[in-house]
Amino acid sequence: MKFRISLLLAFLAINGCNGTISDLSTEAGETSKDNSSRFVSEGQALGSPNIQEVGVEAVKSWAWERVLWAQNNFWQQGIGHYGSPDFWASEIVYQIQVDRFNDGDLSNNGANLPPKQVAHQDGPDLWDMHDYRQGGDLRGIMNRMDYLQDLGVTTLWLTPVFKHTGDYHGYCTADFTYVDPGFGTNEDLRQLTAEAHRRGIRVVLDVVVNHMCDRNSNYSTWPDHYWCSRNASDKYWSGEPGGSSAQGALGFSNEFFGPLRKQEFFNRCGANSHDEMAGTGPEAVFGDFVDGMYDFDTRNQDFQDIFANLHKFWIAYADVDGFRMDAAKHVTADFVAHFSTEMRDYARSIGKHNFMIVGEVAGPADWAGRRLGTMFSNPHNPNDHGWVPQTLTNRLWELKDKYLSNAAALFPGLNAVYDFAQSGTAREILLNQKASAELGNYLNGDIYHTLAGQADPRLNWNILEIHDWPRFVKDVKDNPYKSSLGLGYLLSSQGVPVIYYGMEQGFSGDCHFDNMNAGAANGQQMDICRQGYNHALYRQNMFIGSGWRLGSTVDSINNLAYIGHADNFVWQDWHSDPYLNRDHHVYRTARKFTHLRRSCNPLKYGGTVFRWGDWFSSGLMAFSRIDNGQEMVVVINTSSWSIPIPNLHLDGNINQASGQKYKNLLNGYQVAWTGYENGAAKLFFSGLQIEGNSVMVFAHENNVGNW
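Below you will find a few notes about this structure. Just so it is clear, the structure is predicted and the values come from calculations on it, not from any experiment.

1. Things to note about the nonpolar core
Core analysis: the biggest nonpolar cluster contains 145 residues, and Tyr 94, Leu 138, Ile 141, Leu 148, Leu 156, Leu 158 and Phe 323 have the highest contact counts within it. Other than its neighbours up to four places away in sequence, Leu 138 contacts Val 98, Leu 158, Val 161, Val 179, Phe 183, Thr 185, Asp 188, Leu 189 and Leu 192. In terms of nonpolar packing, the next biggest core, distinct from the first, is built from 18 residues, Phe 87, Ala 89, Ala 416 and Tyr 418 among them.

Right, dumping it as structure tokens:
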């Protein structure tokens, strides 16, 4: 059965679902330009001193003065900084893997390529081409800004854009002061945010806070990995100064980033195994993420100060609206508190009163809780706390006055985390791998309540696919209605919805063996595809003229799949770009639901009450979204067949009268009626069925207007 949304009639609420989507504010708050420091010159601001030559204090001064230079440079444009949303749960996020989204500038395609690409890309045999840089850049994103506006997203999350070691994904930062030359220039980033802001879209940058990389550096003295990590962890928990006799020594190359070229800024405990990196032992925080990714000593307060100011620069210069902290599981909680507090405080000083810091904490709930919101601590009295390191408590006392002065975030930790547990549960339910009742179990379970105890759970980011996960429809690659089902769920459920680029075009990560042109490397690429879990399969290209184009549940997009030598050209008109097809069911579903969510307060702001779940692998799921005396009921069918909708509980304080009509906002002819059963308020559907792989959203008729 198809996932159907009526094209004849749809509704929006006048109050709860306002038919007019208001423009996002661009007004900056009051900002003081007065400061006692001199502004460094442009050359000084964009150059990088060697800390081994000038010392720590000189680098700290340089890092702060380049923030002031950026601030002054931005103000010289005669415009204010773009304001923050009052409530980030009203945002709809679109994640972009920069290298693989769109190529807008062919001239930078040869910049900063990895060695294996340089060795093979001009020959007949494209060995390891799945790991090549494909040419996507900031100019390519700008060229599609109108498409993103049409889709209805309100925030872009960009994977790391700073200069890195050449790997396409960007998660191996080598210099925090420049945009990677393969992606463009610093000015390109500033222009991108300006173009986004002009369309009411905000920009969140992915920042790598756990490590940095340099291809020519290595250990000159090897550490004792086991004891180094444990010594560091013991001191972290006891509050003692860091360091260990088991640490190694790094042999920095001449190219290593000068401002951080200091032994004491790195843990130097050696590379983790995969199990250590994924686990919860001391190595997960104090070991190198993997070989070649050198782990910061995030307890070092000189490092904290310099690192914070390196990133304040981008708030001032490029006017970005938030940061996504990559690998936040793997840094110390005191660093998270310092970085989060400092970023929000500085952003507030230039007019962004609610700067977003969201963290990737791919670990247990207590690990996320120690980094989120109140961090298991009383913000007013950090000595009143749960199970946290003494180092965190000490740092909170130093930060307390600053974070308590920020009305939008009266806490030290992350604003939000990725709700991986909820997201993974929902993904399995929607793919019929888990009973739909499991979502209700999660919402009533310990993990959810642990996170909710530290910060507003409505702010946590909700995903079905991401750059580290297989595509949602990987195993149902021929079913566009599953793609639509996922989008409908994301945009009607609690949490900030994250649409991973290409999800609205049905991306599946499926290789087409019948359209490959990698020479003798065809067999290698086939093996990569058969294995199914190489990250390159999660990060397919979204532009013609490139060579890593994979499949889709949408026929017109699926027909573009190709692996091999690239033609390298820029598609000029986004309206006719074949990868931006807006005429198919999946895109139309995405667009309807983004506009529905933006117009309906309960979908933006509401909490969730789980109403129905089946204990079978496929079936019905229902929940209410409630805000300010308004209730909306979301009904989802994950199966492939039609199912009668049972009578569902309602909030009795909101629904006090029988005979009130609720309408499906996606088809106003489909209605239900309020009533009572055994003294409980119910919504009666009178035999109405929900078709397979579909979503219905019901609202009281008094809150529904023409759309």
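2. Some words on the pairing of strand 14 (residues 381-385)
For strand 13 (residues 377-378) and strand 14, the ladder comprises two bridges, and the chain directions are antiparallel. If you follow Ser 377 over to strand 14, its bridge partner there is His 385. Hairpin remark: strand 13 followed by strand 14, antiparallel, with two residues in the connecting loop.

3. Thoughts on the sheet that holds strand 19 (residues 548-549)
The strands that make up a sheet pair up through hydrogen bonds in the backbone, lying either parallel or antiparallel. What the three strands build is an open sheet, ordered 18-20-19; its pairing is mixed. Each edge of the open sheet is held by one strand with a lone partner, namely strand 18 (516-517) and strand 19. The sheet contact formed by strand 19 and strand 20 (residues 562-564) spans two bridges and is antiparallel. Bridge assignment links Trp 548 to a residue of strand 20, and that residue is Ile 563.

4. Thoughts on the packing of helix 16 (residues 420-430) against helix 19 (residues 480-492)
As a packed pair, helix 16 and helix 19 sit with axes 11 Å apart at the nearest point and diverge in direction by 145°. Crossing handedness for the pair helix 16 and helix 19: right-handed. Along the contact surface, helix 16 presents Gln 422, Ala 426 and Leu 430, while helix 19 presents Lys 482, Leu 485, Gly 486 and Tyr 489. Looking at side-chain class alone, the contact of helix 16 with helix 19 contains four nonpolar, two polar and one charged residues.

5. A short note on the state of the cysteines
Applying the stated criterion across every chain, the model contains three disulfides. Here Cys 172 is linked by a disulfide to Cys 213, with a sulfur-sulfur distance of 1.9 Å. Classification of the bridge connecting Cys 172 and Cys 213 rests on its S-S torsion, roughly -85°, and on that basis the disulfide is left-handed. Separated by 41 residues along the polypeptide, Cys 172 in the loop between strand 4 (162-164) and strand 5 (173-179) and Cys 213 in strand 7 (residues 211-213) bring together distant segments of the chain. Shown here is the disulfide that connects Cys 511 with Cys 529, its sulfur atoms set 1.9 Å apart. With the S-S bond torsion at -75°, the cross-link from Cys 511 to Cys 529 turns out left-handed. Highlighted residues: Cys 511 in the loop between strand 17 (496-500) and strand 18 and Cys 529 in helix 20 (residues 522-531), separated in sequence by 18 residues.

6. Some thoughts on the packing of aromatic side chains
This structure, assessed with the given rule, holds 46 aromatic pairs. Taking 6.0 Å as the distance between ring centres and 45° as the angle between the ring planes, the aromatic pair formed by Phe 420 and Trp 469 counts as tilted. On the criterion of sequence distance, the pair formed by Phe 420 in helix 16 and Trp 469 in the loop between strand 16 (461-462) and helix 19 is long-range, its members being 49 residues apart. As far as the burial class goes, Phe 420 and Trp 469 line up, both buried. The ring of Phe 313 has Arg 66 sitting right over it, with the charged end atom 3.9 Å from the ring centre. One Lys or Arg, Arg 144, reaches over the ring of Phe 101 and ends 5.0 Å from the middle of that ring.

Cut-offs and rules
- Residues numbered from 1 in each chain as written.
- Predicted model: local features only at pLDDT ≥ 70, side-chain atom pairs only at ≥ 80, totals over all residues.
- Heavy atoms only, no water.
- Core = buried A, V, L, I, M, F, W, Y, C linked by side-chain atoms within 4.5 Å.
- Buried < 20%, exposed > 50% of the residue type's maximum accessible area, 1.4 Å probe, protein only.
- Contact = heavy atoms within 4.5 Å.
- Pairing = 2+ DSSP bridges.
- Helix = DSSP H or I, 4+ residues; strand = E, 2+ residues; numbered from the N terminus.
- Axes fitted to C-alpha atoms, helices over the stretch in contact; angles between N-to-C directions.
- Left-handed = near helix turned anticlockwise from the far one by under 90°.
- Nonpolar A, V, L, I, M, F, W, Y, C, P; charged D, E, K, R; others polar.
- Disulfide = S-S within 2.5 Å.
- Phe/Tyr/Trp six-rings, centres within 6.5 Å; stacked < 30°, edge-to-face > 60°.
- Lys NZ or Arg CZ within 6 Å of the ring centre and 35° of its normal.

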